[in-house]
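Tertiary structure, described
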Amino acid sequence: QVQLVESGGGLVQAGGSLRLSCAASGRIFSIKTMGWYRQAPGKQRELVAAITDSGRTNYADSVKGRFTISRDNAKNTVYLQMNSLKPEDTAVYYCNADIMLLLTTNYWGQGTQVTVSS
């Protein structure tokens, strides 16, 4: 069984910073793409940022230049450094990963709340 456990969410004022972490545990051979999604109330879940096992990154236009995704393959952990936060960044942030054992399976974390006050 594989688990993704997120941490680092919270309440921050506009202009502030937060760092999210997501650690994968369980039966893992390798992890392909890891990413962060978010879902605000009344809106669809959207991709925030993703990083491949080779380090290639992809960002939503709304966070480019403010957020940075990184990963530590030795720790099976992905990070999201969020700077210059805006009220519109308020959402539940979910970790996502493509994890390979015998087959590649997509997993989601339980989500962590990020609230940015104006």
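For the structure itself, look to the data block above.
Our subject in this report is the structure included herewith.

Rules behind the numbers
Residues numbered from 1 in each chain as written. Predicted model: local features only at pLDDT ≥ 70, side-chain atom pairs only at ≥ 80, totals over all residues. Heavy atoms only, no water. Phe/Tyr/Trp six-rings, centres within 6.5 Å; stacked < 30°, edge-to-face > 60°. Helix = DSSP H or I, 4+ residues; strand = E, 2+ residues; numbered from the N terminus. Pairing = 2+ DSSP bridges. Axes fitted to C-alpha atoms, helices over the stretch in contact; angles between N-to-C directions. Patch = residues over 30% accessible without salt bridge, like charges linked within 9 Å, V, L, I, M, F, W, Y side chains within 5 Å. Areas by Shrake-Rupley, 256 points an atom, 1.4 Å probe, with all protein chains shown as cover. Salt bridge = Lys/Arg side-chain N within 4 Å of Asp/Glu carboxyl O. Buried < 20%, exposed > 50% of the residue type's maximum accessible area, 1.4 Å probe, protein only. Core = buried A, V, L, I, M, F, W, Y, C linked by side-chain atoms within 4.5 Å. Contact = heavy atoms within 4.5 Å.

Comments concerning the packing of aromatic side chains
The description of two aromatic rings rests on the distance between their centres and on the angle between their planes. For the structure on display, the rule yields 2 aromatic pairs. Taking the centre distance of 4.9 Å and the plane angle of 65 degrees together, the rings of tyrosine 37 and tryptophan 108 count as edge-to-face. Separated by 71 residues along the polypeptide, tyrosine 37 in strand S4 (residues 30-39) and tryptophan 108 in strand S10 (residues 104-108) bring together distant segments of the chain. Aromatic side chains tyrosine 94 and tryptophan 108 sit 6.4 Å apart centroid to centroid with 85 degrees between the ring planes, which places their arrangement in the edge-to-face category.

A few points about the sheet that holds strand S1 (residues 2-7)
An order of S1-S3-S8-S7 is seen for the 4 strands of this open sheet, with the pairing classed as antiparallel. Edge strands, defined here as strands with exactly one partner in the open sheet, are S1 and strand S7 (67-72). Averaged over neighbouring strand pairs, the angle between their axes works out to 15 degrees when direction is ignored. Alignment of S7 against strand S8 (residues 77-82), held across 6 bridges, turns out to be antiparallel.

Side note on a nonpolar patch on the surface
Residues Phe29, Leu101, Leu102 and Leu103 make up a contiguous nonpolar surface patch of about 520 Å² in total accessible area. Take leucine 101: it is sitting in the loop between strand S9 (91-100) and S10. Taking relative accessible area as the criterion, leucine 101 reaches 37% and is therefore assigned partly exposed.

Overview of the nonpolar core
Among the nonpolar cores identified, the biggest contains 30 residues, and Trp36, Leu80, Met82 and Tyr93 are the most heavily contacted of them. For this core, the elements supplying multiple residues, two or more each, are S1, strand S3 (18-26), S4, strand S5 (46-51), S7, S8, S9 and strand S11 (112-117). The element contributing the most residues to this core is S9, with 5 residues. When neighbours within four sequence positions are excluded, methionine 82 is seen to be in contact with Gly16, Ser17, Leu18, Leu20, Arg66, Phe67, Tyr93 and Val114.

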